[in-house]
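Here is what each chain is made of, one letter per residue.
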Amino acid sequence: MRAILVTKDPDYRAEITDVEETGLPEGDVLVDVEFSTLNYKDSLALTGASPVVRSFPMVPGVDLAGVVAMSSDLGTAVGSAVMVNGHGLGEIHWGGYAERARLPADWAIPIPEGLDARSAMAVGTAGYTAMLCVMALESHGVVPDAGEIVVTGAAGGVGSMAIAILSRLGYDVVASTGRTSERDYLLGLGAHEVIDRGEFSEPGRPLGKERWAGAIDTVGSHTLANVCATTRYGGTVAACGLAQGMDLPATVAPFILRGVTLAGIDSVYCPRPIRVTAWRRISDLLDAERLEPMTTSIGLAEVFDAAEEQLEGRIRGRVVIDLSR
């Protein structure tokens, strides 16, 4: 089967090659992969820019969608359409950048009605993570009429999906981005205002002027600290990324003086019932018309250039990888 394989012998290398199916890891479900995606973590794995891959050789790709070709699990029928996100795909278990994948049946989520394999990957880990963030805001009482919600890293995959979901639910969304040239794109997704990320990206005060009822942060570091510092009393910040950095140069002031909640979002090992709920809601909220403006399709050979562009901040929205190309 055709696949991208990452090796380290001793130099780090990622290349398209033919791989024997006998090399697939153990699992009770074999999937004919139709589509995958390009996420920030995938780009790190492809370039070796960060030690994402923890076992070699490795097939990258934290997402995949396709049709079950073989199954020894009674609950997963041959011919059913499934998708997989996270669970260490592309890190410790061979992922979606191959024509076939073998994995535990519990990882496979049926593609919900209203989505197909391509649209499920247009959503992918980015959209699923965005939905988890929105659910975290909701669970902490941040309702649509509570006030403005800021989304950082807004032109990226998670940010784009978060804006589309929030606006569909009736929230008042402000998009923070370093690419203000994407203003029309972000307004088209449903943001009512676009602000420059420079408002957040430098060291700030422990507390700033209260503005946000809630926030979805994909950036981390000073950006997350400043978002927390400007969140209103009782607000919630859902943190899911580290594009600016893994550090958090903040104080406890927003949490003990304004009762701000910092909700961490993990999409990799999220329990199955929550995953199923998130995907059901996504299928209700994001139709093909909303997904298409933020989606680009490429073939497997184009992934390497796209990964470099993503790490340089030049990818907008979502990238779907068509394994048939």
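You'll find the structure just up there.
Residues numbered from 1 in each chain as written. Predicted model: local features only at pLDDT ≥ 70, side-chain atom pairs only at ≥ 80, totals over all residues. Heavy atoms only, no water.

J.: I would appreciate a short explanation of the nonpolar core in the present structure.
T.: General note: in soluble globular proteins, nonpolar side chains tend to be found buried as a group. Grouped together as the largest cluster of nonpolar side chains are 55 residues, with contacts concentrated most on I163, L166, L186 and I216. Among the elements of the structure, α2 (117-139), β8 (148-151), α3 (157-168), β9 (172-177), α4 (183-189), β11 (212-217) and α7 (272-285) are those that each provide at least two residues to this core. Counting residues per element, this core draws most heavily on α2, at 15 residues. Each residue touching L166, except ones within four places of it in the same chain, is listed here: V134, L137, I149, V151, Y171, V173 and I216. (Core = buried A, V, L, I, M, F, W, Y, C linked by side-chain atoms within 4.5 Å. Buried < 20%, exposed > 50% of the residue type's maximum accessible area, 1.4 Å probe, protein only. Helix = DSSP H or I, 4+ residues; strand = E, 2+ residues; numbered from the N terminus. Contact = heavy atoms within 4.5 Å.)

J.: Would you explain the packing of α2 against α3 in this entry?
T.: Packed helices, taken two at a time, are described by their axes: the angle between them and the distance between them. Running from amino to carboxyl end, α2 crosses α3 at an angle of 55 degrees, the nearest separation of the two axes being 8 Å. The angle between α2 and α3 places the two elements in the oblique class. When you trace α2 past α3, the crossing you get is right-handed. Residues A122, V123, A126, G127, T129, A130, M131, V134 and L137 of α2 form the contact with α3, whose own contacting residues are G157, V158, M161, A162, I165 and L166. (Axes fitted to C-alpha atoms, helices over the stretch in contact; angles between N-to-C directions. Parallel < 35°, antiparallel > 145°, perpendicular 65-115°, else oblique. Left-handed = near helix turned anticlockwise from the far one by under 90°.)

J.: Just checking my understanding: could you explain a nonpolar patch on the surface for this structure?
T.: A surface patch of nonpolar side chains, about 340 Å² in accessible area, is lined by Y40, L242 and M246. Relative to the assigned elements, L242 resides in the loop between β12 (231-239) and α6 (253-257). Assessed through its relative accessible area of 40%, L242 is described here as partly exposed. (Patch = residues over 30% accessible without salt bridge, like charges linked within 9 Å, V, L, I, M, F, W, Y side chains within 5 Å. Areas by Shrake-Rupley, 256 points an atom, 1.4 Å probe, with all protein chains shown as cover. Salt bridge = Lys/Arg side-chain N within 4 Å of Asp/Glu carboxyl O.)

J.: Looking at this structure, how should I read the sheet that holds β11?
T.: One key point about sheets: their strands pair by backbone hydrogen bonds, in either a parallel or an antiparallel sense. The strand order β10-β9-β8-β11-β12-β13 describes an open sheet built from six strands, whose pairing is parallel. In the strand order of this sheet, the two ends are held by β10 (193-196) and β13 (261-264), each with one partner. Strand after strand, the sheet turns through a mean of 20 degrees between neighbouring axes, direction not considered. In this fold α3 packs onto β8, β9 and β11, with an angle of close to 160 degrees to the strand it touches most, β8. Together, β8, β11, β12 and β13 form the strand contacts of helix α5 (residues 221-229), whose direction differs from that of β12 by roughly 150 degrees. (Pairing = 2+ DSSP bridges.)

J.: Would you mind showing me how to read α7 here?
T.: Within an α-helix, residues lying three or four positions from one another point in the same direction, as the helix has 3.6 residues per turn. Relative to the 20 Å expected for 14 residues at 1.5 Å per residue, α7 spans 20 Å between its end C-alpha atoms, a close match to the ideal helical length. Buried residues along α7 sit in contact with β5 (81-85), β7 (109-110), α2, α3 and α8 (288-291). (Expected span 1.5 Å × (residues − 1).)

J.: What should I look at first to understand the state of the cysteines in this one?
T.: Note on terminology: a disulfide is the covalent bond linking the sulfur atoms of two cysteines. Tallying each qualifying case throughout the model produces zero disulfides. Free cysteine C133: the closest other cysteine sulfur is in C240, separated by 3.8 Å. For C133, a relative accessible area of 0% translates into the label buried. You can see C228 has no disulfide; the closest cysteine sulfur is in C240, sitting 13 Å from it. Given a relative accessible area of 2%, C228 falls into the buried group. (Disulfide = S-S within 2.5 Å.)

J.: What is the right way to read the side chain of D42 from this model?
T.: Structurally, the position occupied by D42 is in helix α1 (residues 40-47). Here the side chain of D42 touches G61 through a polar contact of 3.5 Å, landing on its backbone nitrogen. In terms of polar contacts, D42 uses its side chain to reach the side chain of Y97, at 3.4 Å. Here D42 is in contact with T37, G61, V62 and Y97, once residues within four sequence places are set aside. (Polar contact = N/O pair within 3.5 Å; in protein donor to acceptor, adjacent residues only side chain to side chain.)

J.: It is not clear to me how the environment of A191 should be interpreted in this structure. Could you clarify?
T.: For A191, the location among the structural elements is in the loop between α4 and β10. Put simply, A191 and V173 are 18 residues apart on the chain and 4.8 Å apart in space, counted from C-alpha to C-alpha.

J.: When you look at α5 in this model, what are you seeing that I'm missing?
T.: Among the nine residues in α5, eight count as buried, and that is most of the element. Listed as buried for α5 are S221, T223, L224, A225, N226, V227, C228 and A229. Each element contacted by the buried residues of α5 is listed here: β8, β11, β12, α6 and β13.

J.: Before we go on, may I ask you to explain the pairing of β5 in this structure?
T.: Where a strand is regular, its side chains alternate between the two sheet faces. Across the five residues of β5, four count as buried, placing the element largely inside the fold. Here strand β4 (residues 63-71) runs beside β5; their pairing, made up of five bridges, is antiparallel. Each bridged residue has a counterpart across the sheet, and for D63 the counterpart in β5 is N85.

J.: Sorry, what's going on with the packing of aromatic side chains here?
T.: Pairs of aromatic rings are described using the distance from one ring centre to the other and the angle between the two planes. Inspection of the entire model under this criterion finds three aromatic pairs. Measuring from ring centre to ring centre gives 5.9 Å for Y12 and F56, while their planes differ by 85 degrees; the resulting arrangement is edge-to-face. Separated by 44 residues along the polypeptide, Y12 in strand β2 (residues 12-18) and F56 in the loop between α1 and β4 bring together distant segments of the chain. Its relative accessible area of 30% is what places Y12 among the partly exposed residues. Taking 6.2 Å as the distance between ring centres and 55 degrees as the angle between the ring planes, the aromatic pair formed by F200 and W212 counts as tilted. Here W212 lies in strand β11 and F200 lies in the loop between β10 and β11, a separation of twelve residues in the sequence. In terms of burial, F200 and W212 fall into one category: buried. Over the aromatic face of Y185 sits the side chain of R316, whose NZ or CZ is 4.2 Å from the ring centroid. (Phe/Tyr/Trp six-rings, centres within 6.5 Å; stacked < 30°, edge-to-face > 60°. Lys NZ or Arg CZ within 6 Å of the ring centre and 35° of its normal.)

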